[in-house]
Protein chains: 2
Amino acid sequence: MEETRNKQIIFKDFISGIPKETDMELKEGKIKLEVPRGSGAILVKNLFLSCDPYMRGRMREYYESYIPPFVPGSAIEGFGVSKVVASDNPNFEVGDLISGITGWEEYSLIQRTQQLRKIQQVDMPLSYHVGLLGMPGFTAYAGFYEVCSPKKGEYVFVSAASGAVGQLVGQLAKLYGCYVVGSAGTKQKVDLLKNKLGFDEAFNYKEESNLDAALKRYFPQGIDIYFDNVGGPMLDAALLNMRIHGRIAICGMISQQSLSEPEGIHNLYMLITKRITMKGLLQSDYLHLFPNFLELVISYYKQGKIVYIEDMNEGLESAPAALVGLFSGKNVGKGVIRVANE
Amino acid sequence: MEETRNKQIIFKDFISGIPKETDMELKEGKIKLEVPRGSGAILVKNLFLSCDPYMRGRMREYYESYIPPFVPGSAIEGFGVSKVVASDNPNFEVGDLISGITGWEEYSLIQRTQQLRKIQQVDMPLSYHVGLLGMPGFTAYAGFYEVCSPKKGEYVFVSAASGAVGQLVGQLAKLYGCYVVGSAGTKQKVDLLKNKLGFDEAFNYKEESNLDAALKRYFPQGIDIYFDNVGGPMLDAALLNMRIHGRIAICGMISQQSLSEPEGIHNLYMLITKRITMKGLLQSDYLHLFPNFLELVISYYKQGKIVYIEDMNEGLESAPAALVGLFSGKNVGKGVIRVANE
């Protein structure tokens, strides 16, 4: 059988500090579009790849996390939307569209097929299966409903609010009847939050010399729910502004991902005086709720009640810059790479 | 009516840093043992006074806490066990024994009588009503059962484990079927934990150069429940050793009480990777459970299943040193001052 070109984004080696484009390299290999018999594997053509902050964690040599590190010299792994082009597995047919963990390359041989989902909703944008309908969207859903225990009328603060997770948290909170304020790092993002995503208020944290004062301005009555996507000084400032029995969902801590010595959080005594619950969140603990999530979010989307902003990057070549850009907030919305059009 | 001598411990002025004996002064005043008619107040003779770490918070000029600061120039306030000597309130008769907030003085006029409890259990040591059967004991009960959501067989770590709260947490956890390790700051306390309070293991944190390594030694399989009475570096080390879905009850943070700039906690990203719940605790949120608490703890005590260690200080004159001693760990067990023998 003939071999087909297979461009790949290779993870060069473990890093410390902020990821750089040069930590990855584009390599052009070849692949046979077939699957070894008896392997149970499938061969897919990758259509969309996902850039997510958690991927920074896989760039360090640390084996005790919930997910192992990348393999130096091999293609980066991540969530993607792919099309089956060959199958040795009775559950997958050629032509099936799937989402799940795949490689940063044009074609991937996937052995661990049990982690894949078949895409049934062909009337939704395909790329949404790594965003609104994928891991980030489900993180927002599980985090808001299951971790934050919201009540109608409560005051909700979301950081990194225009990001893959934050933008859905804010919209779900608004639909739930909460008052919602978001923070982001550019004027463009703040405008999107207020004018497109329906947040009640939004502010640019980079223009605030005192985050505590900024939060007091937007929440004179205090914060019931803080959905924390960043950690660091924003978390410390939010702790000072929580209301009694407030809840903090800890998700991502993107400001700390690249630090070898994470910054200290100084205001945890507020947990006592305000009896705050703070809980870390991984969506994988809530997978039994995934069908409910899809049903709700697709219904909201089709009714025009929610929107989803993607930062679409064209071509596998754009992937390293797209991933690196997450850590300086270059992306506007969910970071996605379009590798191929079916 | 004749006046009676009334020695008082006066709070001199707001402080920063660690409390010193000279922040208080003994004053000898006089008081008439009667209650103004129509006031609804009672006059009590104080028998036992309680030394509790939270009292440090009342020594700073900060009005937004759950409890207001002490009044400079007036007697210190705190939990106590007292006997009614005059009453203008139909709910209290002369001779009644009560527990609740009173003054650091021989006799107190109490206006806010709704916060008082009448003592019914005359077959328990009276001083226990500020310890085992009072706020610290109830904190242990509510914190362990309601905040820590224990399961049989789980691994439990308690810091400041021989203190007023910790010693009961550890014993309740043992009775629940957990494996329990405690930390304390002297060899004497470690011996008490192992030989009198029934902890499985205990260690002197002051002899450990690396708290993370110490916890790994005592919990090679990790910690399910950390009952945190200290905050600071021990909390940071415990975060590194929590198991998946672990729970941390935040109670007291005594190591941070006297710092104007609390130390930073650096390992909060573990909340995400281990999906930890961390919750601050004030016993006053759980008062509906107080009768259940009394019933359980009195029953355990009468069956000889729990003990309670008090650090008894004789005479009102000893009160400033006893309170100050809490912050260097001088007390062995619950700090109490005996003011009078009925």
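Quick notes on the rules
Each chain carries its own residue numbering, running from 1 in the written order of its sequence. Labels are handed out in written order, letters beginning with A for the chains and numbers beginning with 1 for the ligands. Owing to the predicted nature of the model, reporting of local features is limited to residues with pLDDT of at least 70; listing and counting of side-chain atom pairs is limited to 80 or more, with chain, interface and lining totals taken over all residues. The side-chain values count all of the structure's non-hydrogen atoms but skip hydrogen atoms and water molecules. Each axis is a line fitted through C-alpha atoms, and for a helix only the stretch in contact is used; angles between axes span 0 to 180 degrees, taken between their N-to-C directions. Secondary structure elements are defined from DSSP: runs of H or I of at least 4 residues count as helices, runs of E of at least 2 residues count as strands, and each element is numbered from the N terminus. Each angle receives one of four descriptions, namely roughly parallel if under 35 degrees, roughly antiparallel if over 145, roughly perpendicular if within 65 to 115, and oblique otherwise. Helix crossings get a hand from a simple test, with the near helix turned counterclockwise from the far one by less than a right angle marking a left-handed crossing and a clockwise turn marking a right-handed one. Residue contacts are counted whenever heavy atoms from the two residues lie within 4.5 Å of one another. By nonpolar core we mean a set of buried residues, namely Ala, Val, Leu, Ile, Met, Phe, Trp, Tyr and Cys, connected to one another through side-chain atoms within 4.5 Å. For the exposure calls, accessible area comes from a 1.4 Å probe over protein chains only, and a residue counts as buried if that area is under 20% of its type's maximum, exposed if over 50%, partly exposed in between. Polar contacts, as used here, are pairs of N or O atoms within 3.5 Å; protein pairs need one atom able to donate a hydrogen and one able to accept it. Residues neighboring in sequence count only if both atoms are side-chain atoms. Taken from the helix axis, the directions to the C-beta atoms give the arc we talk about. Each of two parts loses accessible area, computed with a 1.4 Å probe, when they are put together; buried area is these two losses added. By convention in these notes, a salt bridge is any Lys or Arg side-chain nitrogen within 4 Å of a carboxyl oxygen on Asp or Glu. The rule for pairing is simple: two strands pair if DSSP sees at least two bridges between them.

- Looking at an unreviewed UniProt entry, one finds chain A named Enoyl reductase (ER) domain-containing protein and attributed to Protea cynaroides.

## Description of the packing of helix H4 (residues 211-218) of chain A against helix H5 (residues 232-240) of chain A
Residue and element names in this part refer to chain A.
Item 1. As a packed pair, H4 and H5 sit with axes 9 Å apart at the nearest point and diverge in direction by 50°. By the criterion of interaxial angle, the relationship of H4 to H5 is oblique. In this structure, H4 crosses over H5, and the sense of that crossing is right-handed. Here H4 contributes Leu211, Asp212, Leu215 and Lys216 to the contact with H5, which in turn contributes Pro233, Met234, Ala237, Ala238 and Leu240.

## A look at the nonpolar core
Item 1. Judged by nonpolar contacts, the single largest core of 56 residues is most densely connected at Leu268 of chain A together with Leu268 of chain B.
Item 2. Beyond its immediate sequence surroundings of up to four residues, Leu268 of chain B is in contact with Leu235, Met253, Ile265, Leu268 and Met278 of chain A together with Leu239 and Met278 of chain B.
Item 3. In this structure, Ala140, Tyr141, Val156 and Leu172 of chain A belong to the second largest nonpolar core, which totals 47 residues.

## Side note on the side chain of Ser108 of chain A
All names here are of chain A.
Item 1. Its location among the elements puts Ser108 in strand S6 (residues 107-110).
Item 2. With a relative accessible area of 2%, Ser108 lands in the buried category.
Item 3. A distance of 3.2 Å separates a polar atom in the side chain of Ser108 from the backbone nitrogen of Gly103.
Item 4. Not counting the four nearest positions on each side in its chain, Ser108 is found in contact with Ile42, Leu43, Val44, Asn46, Thr102 and Gly103.

## A look at helix H4 (residues 211-218) of chain B
Residues and elements named next belong to chain B.
Item 1. Those residues of H4 that sit buried are Leu211, Ala214, Leu215 and Tyr218. Down the axis, H4 shows its buried residues gathered within 95° of arc, on one side only.
Item 2. The inward-facing, buried residues of H4 abut strand S8 (155-158), strand S9 (179-184), strand S10 (201-204), strand S11 (223-228) and helix H5 (232-240).
Item 3. At the N-terminal end of H4, a side-chain oxygen is found 3.0 Å from the backbone nitrogen of Asp212, two or three residues along, and the residue is Asn210.

## Focus on the interface of chain A and chain B
Item 1. Of the residues lining the interface, 27 residues belong to chain A; the matching set on chain B comes to 27 residues.
Item 2. The junction of chain A with chain B conceals about 2500 Å² of combined surface from both sides, 63% of it contributed by carbon and sulfur atoms.
Item 3. At the boundary of chain A with chain B, the tally comes to two salt bridges.
Item 4. The residue Asp285 of chain A makes a salt bridge to Arg275 of chain B at a minimum N-O spacing of 2.8 Å.
Item 5. For the pair chain A and chain B, the number of links is 10 residue pairs in polar contact (both at pLDDT 80 or more).
Item 6. For the side of chain A that touches chain B, the secondary-structure elements that each account for two or more residues are strand S12 (242-250), helix H6 (270-273) and strand S13 (277-280) of chain A.

## Topic: the sheet that holds S10 of chain B
Item 1. A sheet is described by the order of its strands in space; here 12 strands give the open sequence S10(A)-S9(A)-S8(A)-S11(A)-S12(A)-S13(A)-S13(B)-S12(B)-S11(B)-S8(B)-S9(B)-S10(B), paired in mixed fashion. Both outer strands of the open sheet, strand S10 (201-204) of chain A together with S10 of chain B, are each paired with one neighbouring strand and no more. Ignoring which end each strand starts from, the neighbouring axes of this sheet average 15° apart.
Item 2. By the bridge criterion, three bridges tie strand S8 (residues 155-158) of chain A to strand S11 (residues 223-228) of chain A in an arrangement that is parallel. Opposite Val158 of chain A, over in S11 of chain A, you have Phe227 of chain A as the bridge partner.
Item 3. The strands touched by helix H1 (residues 135-147) of chain A within the sheet are S11, S12 and S13 of chain A, with S11 of chain A carrying the most contacts at an inclination of about 150°.
Item 4. Packing against the sheet, H4 of chain B makes contact with S8, S9, S10 and S11 of chain B, and its axis sits at approximately 165° to S10 of chain B.

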